[in-house]
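Geometric and topological summary
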Amino acid sequence: MTTPQPRPSVAAMPAYVAGKPPAERPGLVTYKLSSNENPYPPLDGVVEIAAAAAGRVNRYPDAGNTELYEALATNYQVPAEELALSTGAVALIFQLVSAYCGPEDEVVFAWRSFEAYPIAVLAAGATAVKVPVASDGHHDLDAMAAAITERTKVVFVCTPNNPTGTSVTQTELDAFLAKVPEHVLVVVDEAYAEFVRMDDAVDGIATYRSRPNVVVLRTFSKAYGLAGFRVGYAFAPAPIAATLRAMALPFGVNVVAQAAGVASLERKTELLARVDDLVTERVRVVEGARAAGWDVPDAQGNFVWFAFGSADRCAEFAAGADEIGLMVRPYPPEGVRVSIGEAEANTRLIELAGSFP
Ligand code: PMP
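Residues numbered from 1 in each chain as written. Predicted model: local features only at pLDDT ≥ 70, side-chain atom pairs only at ≥ 80, totals over all residues.

Quick notes on the UniProt feature "modified residue: N6-(pyridoxal phosphate)lysine" (unreviewed entry) in the protein
Here the UniProt-annotated "modified residue: N6-(pyridoxal phosphate)lysine" (unreviewed entry) positions come out as Lys-222. Mapped onto the secondary structure, Lys-222 falls in the loop between β7 (214-219) and β8 (232-235). We classify Lys-222 as buried; it has 27 C-beta atoms within 10 Å. The contact partners of Lys-222, leaving out residues within four places of it in the chain, are Asn-36, Asn-38, Ala-191, Tyr-192 and Asn-302. (UniProt positions renumbered as here; feature names shortened; annotations may be inferred. Helix = DSSP H or I, 4+ residues; strand = E, 2+ residues; numbered from the N terminus. Buried ≥ 20, exposed ≤ 12 C-beta atoms within 10 Å, placed from the backbone. Contact = placed C-beta atoms within 7 Å.)

Some points on the sheet that holds strand β3 (residues 106-111)
The sheet built from seven strands is open, its strands ordered β2-β8-β7-β6-β5-β3-β4 with mixed pairing. The open sheet has two edge strands, β2 (83-86) and β4 (127-132), and neither has a second partner. Each strand axis lies, on average, 20 degrees off the axis of its neighbour in the sheet, ignoring direction. Pairing analysis gives four bridges linking β7 to β8, with the strands arranged antiparallel. Each residue of the ladder has a partner; that of Arg-218, found in β8, is Tyr-233. Strands in contact with helix α9 (residues 238-247) are β2, β7 and β8; relative to β2, the strand with the most contacts, it is inclined by about 20 degrees. (Pairing = 2+ DSSP bridges. Axes fitted to C-alpha atoms, helices over the stretch in contact; angles between N-to-C directions.)

Describing the domain arrangement of the protein
Looking at the protein, the domain boundaries give domain 1 (17-42 + 268-355) and domain 2 (46-265). The straight-line distance from the C-alpha centre of domain 1 to that of domain 2 is 24 Å. With 22 residues of domain 1 at the contact, the number on the domain 2 side is 26 residues. At the level of elements, α11 (268-291) and β9 (303-307) are the ones that each hand at least two residues to the side of domain 1 that touches domain 2. It is α11 that provides the largest number of residues to the side of domain 1 that touches domain 2, a total of four residues. (Domains from an automatic or database assignment.)

Right, here's the structure in full:
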C-alpha cells in the first residue's frame, strides 16, 4: 500500500513547537515565561461577555466578523476594507505567503525571528532567505534590502523582533521601504506594538496608509491577553486586505473570540494601564540583568533576550530557570527568550541572571 505523499516542502515542515505549562512542583509556584503571553487575565468583564457568547455556539459565527471589523475600524480610525481578521496573526502569515508566493518565489526575513515565517514559506513551497540579525539583535535592514531579488515576493520585518526584542525606528523603516521595489510585499509584524517605548517608534498605520505594498500585522494575543482565543488582524491597502480575507478559513474567528475582541477594544484605559505595568516590569528585568553584567539588547516587547551563542549554555540557563520554577524558551545556539510575567517570576529571573555562572 502506498500512502499519498505531500509536496516535498510540506513533508519537510517542522511541527510548530510551543512550550507546555510548567509541571506542578510541590512547594514551588511555577511560571510559564516561554510563549510571550500576558500574565494578566483578560480585561475586566471580557470573560463574562465571552461566556455569554459561548451560549450561542450551536450557531456558526458571523462569517463577516461585522462587529469586530467595525470596532477595529472605529478604534484605529481606518476604513474596514483596509482590515483583515483571522485566527491569530500566525494565520495571516500563512495566508499572506500562500497568496503571494509559489515555488519560484523567495521570502526574505531576519533570523532569528518568528519561527512561523519559515514554516509558512515551506507550506507555500517557496524559498526562505534568512538574513542574520546583527550581534545586538537588531534587523540588518541594509543586508535585507540587498537580499531582495527579482524572485522576492514577500519581506517580513518583525518589530519588535521575536525573539531578540529589538525594534526598528520609523526612520530606518522608511529608508528600507524606499529601497524595496513596489512588487514586493513588506509585512511589518507588529505583534508586540503596544509595548514599544522608544523615540521614533514605527507608526504602522501611517506607514501602510501611505504605501501600496505594506501590510501591518497585529494581534489580541499579547497586550490584550487573549492568546487562547486566537484573533489577529492585518492593516493593508484594500486590495491586499481583500486577498487576505479571501484566503481566510471560512468562519475562522469563532463566536466567543469575536465577542471578546469587541469587548476588549472598549477597555482602552484599562489596557494601557496593564501594558504600562508590564513595560515597568520589563525595564526592571533589563536593568537587573544589565546590573548583573548581561549585555541584553534593548527590549521593546514583553520579553527579554539572553544571548549565548552556545547550545550548551542555552540549555544550562533553561535548566537553571526550571530549577527555580521558571519555564523559558531556548533558541539554541543563539540564546534564550524569557517573557515578562508576574512580578514574582520577574524577580526570580533577575536573581537567576545575577547568580548564573
Ligand atoms: N508575530 C510574532 C512576531 C509573534 O511573536 C507571534 C506570537 N508568538 C505572532 C505573530 C502570532 O500571534 P497570534 O497569537 O496572533 O497568532
